[in-house]
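# Coordinate analysis (summary)
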Amino acid sequence: MRNLRLIIEYDGTYFNGFQKQTLPGMVTVQNRLEEALAKILNEPVKTVVAGRTDTGVHAVAQVVSFRTSSPRPAGEIKHALNALLHGAMAIHSVDEMPLRFHARFSARSRLYHYYILNREEPPSLGRSYLHHVRHPLDIEKMREASRFLEGEHDFTAFSTSIKEVKTAIRKIEHINILQGTHCAEKGKILYVPFEALYREGIILVELKANSFLRSMVRMIVAVLVRAGLGKMEPREVSRILAEKNPGLIHTPAPPEGLFLVKVDYQEGDSGSLRENNVP
């Protein structure tokens with residue numbers, strides 16, 4: 001039995017999220033990927049993922065692992081997948097991993113980027129990759145609100161589906177909020193397409209945590225935007241955390257602006273049995 005790791009990229013616009021669905025007409029990343037793997041390896045394949053993304057959410061370097069008894073070389077599997085998927089997703093690498101490696105449970109942290117276009121006019125190009133906010137946002141108020149979220153907290157109020165987890169306690173390592181013109185000097189890559197057209201108005205919210213609850217990033221962004229618009233005081237974030245009531249946030253920010261950028265692993269679990277080419 002072999003354990004393989006895939007690093008994949010996909011545009012969430014074309015998928016009903018990552019997780020496999022059985023409802024007719026539901027096209028998910030996991031459905032397409034497992035179907036392609038089954039054809040290539042001539043056996044059923046069950047994949048596990050570092051972070052399940054919702055409908056409309058994108059991934060730059062999603063991590064997937066699966067076990068197979070097929071002897072087919074990893075390089076051949078990569079090329080066959082890219083040919084069979086026809087650009088629905090891009091397979092950056094396929095690596096042989098130790099059997100103990102698990103895409104989800106071996107992960108130490110996840111890094112997400114969320115892109116806001118803050119200007120009066122809505123975007124024409126790149127609408128599937130930006131959250132348009134027409135009224136001016138106060139970046140300092142957003143940063144002040146974000147400080148209350150850093151560290152370890154119970155994030156029950158920041159999830160749309162808390163029943164599927166044993167605990168809502170998560171640890172946010174950092175939340176960085178940058179304007180597009182300052183991203184280059186901070187060494188941040190903007191993954192949003194057509195960013196040169198909107199650079200003056202782009203706001204990047206970067207979040208890194210050990211793991212995230214369902215819709216947690218989007219709920220956080222919704223609160224930060226409310227603070228930036230002056231609809232709530234930054235210190236109210238503490239009350240939302242304490243009351244553990246998702247109804248206080250109303251609606252998550254739209255999925256279009258969200259990108260899973262990177263997954264980090266425990267030392268000893270990040271390397272492959274061959275050369276590691278993870279972005």
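Scroll up to find the structure.
How each quantity is defined
- Residues numbered from 1 in each chain as written.
- Predicted model: local features only at pLDDT ≥ 70, side-chain atom pairs only at ≥ 80, totals over all residues.
- Heavy atoms only, no water.
- Helix = DSSP H or I, 4+ residues; strand = E, 2+ residues; numbered from the N terminus.
- Rg over C-alpha atoms; globule rule 2.2 N^0.38 Å.
- Buried < 20%, exposed > 50% of the residue type's maximum accessible area, 1.4 Å probe, protein only.
- Contact = heavy atoms within 4.5 Å.
- Areas by Shrake-Rupley, 256 points an atom, 1.4 Å probe, with all protein chains shown as cover.
- 1 Å grid on protein atoms, 1.4 Å probe; cavity = no way out; pocket = protein on both sides within 12 Å on 5 of 7 lines; lining within 4 Å.
- Points joined across faces, edges and corners; volume = space filled by probe spheres on them.
- Nonpolar A, V, L, I, M, F, W, Y, C, P; charged D, E, K, R; others polar.
- Axes fitted to C-alpha atoms, helices over the stretch in contact; angles between N-to-C directions.
- Parallel < 35°, antiparallel > 145°, perpendicular 65-115°, else oblique.
- Left-handed = near helix turned anticlockwise from the far one by under 90°.
- Polar contact = N/O pair within 3.5 Å; in protein donor to acceptor, adjacent residues only side chain to side chain.
- Salt bridge = Lys/Arg side-chain N within 4 Å of Asp/Glu carboxyl O.
- Phe/Tyr/Trp six-rings, centres within 6.5 Å; stacked < 30°, edge-to-face > 60°.
- Patch = residues over 30% accessible without salt bridge, like charges linked within 9 Å, V, L, I, M, F, W, Y side chains within 5 Å.

Moving on: the overall build of the chain. What the chain contains, in helices and strands, is seven helices and 10 strands. Its C-alpha atoms give the chain a radius of gyration of 19 Å, within 12% of the compact-globule value 19 Å for 279 residues. Taking the principal axes of its C-alpha atoms as reference, the chain extends roughly 60 × 40 × 40 Å. Counting over 279 residues, the chain shows a buried share of 52%. Long-range pairs, those at least 24 residues apart, make up 76% of the contacts in the chain between residues at least 6 apart in sequence. When the accessible surface of the chain is totalled, it reaches about 13,500 Å², and 49% of it is carbon and sulfur.

So, about the layout of surface pockets. Empty space left among the atoms is revealed by rolling a probe the size of a water molecule over them. Taken as a whole, the largest pocket spans an internal volume of roughly 1,100 Å³. Counting residues per element, the ones that place at least two in the lining of the largest pocket are α1 (29-41), β2 (48-49), β5 (107-118) and α6 (216-228). Partitioned by chemical class, the residues of the lining of the largest pocket number 14 nonpolar, 14 polar and 12 charged. Of the volumes computed, that of the second largest pocket is approximately 220 Å³. Elements represented by at least two residues in the lining of the second largest pocket include exactly β1 (2-10), β3 (58-68) and β4 (89-97). Each residue belonging to the lining of the second largest pocket can be placed in one class, and the counts come to 10 nonpolar, three polar and two charged.

Before going further, it helps to spend a moment on the packing of helix α3 (residues 139-147) against α6. Taken N-terminus to C-terminus, the directions of α3 and α6 make an angle of 135°; their axes are 7 Å apart at the nearest point. One way to sum up the angle between α3 and α6 is to call them oblique. Viewed along their axes, α3 and α6 form a crossing whose handedness is right-handed. Touching K141, M142, A145 and S146 of α3 are L224, A227 and G228, all from α6. Residue classes in the contact of α3 with α6 are distributed as four nonpolar, two polar and one charged.

Let's shift gears to the side chain of D264. Along the chain, the position of D264 falls in strand β10 (residues 258-265). Only 3.4 Å separates the side chain of D264 from the side chain of K208, close enough to count as a polar contact. Aside from chain neighbours lying at most four places away, what touches D264 is A107, R108, S109 and K208.

Moving on, we come to the pattern of salt bridges. For the coordinates displayed, the defined rule picks out 21 salt bridges. Of the charged contacts, one joins E173 and R108 as a salt bridge, the two residues approaching to 3.3 Å between their closest N and O atoms. With E173 in strand β8 (residues 169-179) and R108 in strand β5, this residue pair connects regions lying 65 residues apart in the sequence. Residue classification places E173 among the partly exposed residues on the basis of a relative accessible area of 36%. What makes R108 partly exposed here is its relative accessible area of 35%. For R239, the salt bridge goes to E236, with nearest N and O atoms at 3.3 Å. One end of the pair is R239 and the other is E236, both in helix α7 (residues 236-243) and three residues apart, which spans about a single turn. Using a relative accessible area of 38% as the deciding quantity, one classes R239 as partly exposed.

The next thing to look at is the packing of aromatic side chains. Tallied over the entire structure, the rule returns seven aromatic pairs. Between Y10 and F15, the ring centres sit 6.2 Å apart and the planes meet at 80°, which makes this aromatic pair edge-to-face. Side by side, Y10 and F15 carry an identical accessibility label, which is buried. With centroids separated by 5.0 Å and ring planes inclined at 50°, the aromatic side chains of F101 and Y265 adopt a geometry described as tilted. Of this pair, F101 sits in the loop between β4 and β5 while Y265 sits in strand β10, and the two are 164 residues apart along the sequence. There is no split in this pair, since F101 and Y265 are both buried.

Taken together, the side chains of L125, F194 and L197 present a nonpolar region at the surface, about 290 Å² in accessible area. Its relative accessible area of 40% is what places L125 among the partly exposed residues.

Turning our eyes to something else, we now look at the packing of α1 against helix α2 (residues 74-85). Running from N to C, α1 and α2 point in directions that differ by 125°, and their axes come no closer than 10 Å. As far as their axial angle goes, α2 and α1 are oblique. The hand of the α1/α2 crossing is right-handed. Across from R32, L33, A36, L37, K39, I40 and L41 in α1, the residues of α2 making contact are I77, A80, L81, L84 and L85. For the contact of α1 with α2, the class distribution of residues is 10 nonpolar, no polar and two charged.

It is worth stressing that arrangement in space is one thing and function is another; only the former is reported here.
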